[in-house]
Amino acid sequence: MGWFKDWIENRKLKKYMKKSPKEEYEIYKRRLLRGESEESARAGLKHVKKK
């Protein structure tokens, strides 16, 4: 069942793969305001770098 979980995860991430850097930063800020950790907030966002 590992491949199925990976497939679902990749399908969910496709929405974020098409985002511009500005849109990704807004997603990152929104996640931080919800109380997620730094690492969790950056998950799936390729334009948001580690500080």
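The shown structure was predicted, so the numbers you read here are calculated from the model rather than taken from an experiment.

A. Summary view of the overall build of the protein. A tally of helices and strands in the protein yields three helices and zero strands. In the protein, the order of α-helices and β-strands from amino to carboxyl end is α-α-α. Restricting the contact set of the protein to residue pairs at least 6 apart, pairs at least 24 apart contribute 25%. Accessible surface, the protein as shown: approximately 4,600 Å² in total, 55% of it carbon and sulfur.

B. Local environment of the packing of aromatic side chains. Considering all chains together, one arrives at three aromatic pairs under this definition. Aromatic rings pair up to connect Trp3, Phe4 and Trp7 into one cluster.

C. Representation of the pattern of salt bridges within the structure. Applying the stated criterion to the full structure yields two salt bridges. Linking Glu36 and Arg34 is a salt bridge whose minimum nitrogen-to-oxygen distance equals 3.0 Å. The class of Arg34 is exposed, set by a relative accessible area of 61%. In this structure, Arg42 engages Glu38 in a salt bridge whose closest nitrogen and oxygen atoms are separated by 3.6 Å. Of this pair, Arg42 and Glu38 both sit in helix 3 (residues 38-42), four residues apart, roughly one helical turn.

Thresholds applied
- Residues numbered from 1 in each chain as written.
- Predicted model: local features only at pLDDT ≥ 70, side-chain atom pairs only at ≥ 80, totals over all residues.
- Heavy atoms only, no water.
- Helix = DSSP H or I, 4+ residues; strand = E, 2+ residues; numbered from the N terminus.
- Contact = heavy atoms within 4.5 Å.
- Areas by Shrake-Rupley, 256 points an atom, 1.4 Å probe, with all protein chains shown as cover.
- Phe/Tyr/Trp six-rings, centres within 6.5 Å; stacked < 30°, edge-to-face > 60°.
- Salt bridge = Lys/Arg side-chain N within 4 Å of Asp/Glu carboxyl O.
- Buried < 20%, exposed > 50% of the residue type's maximum accessible area, 1.4 Å probe, protein only.

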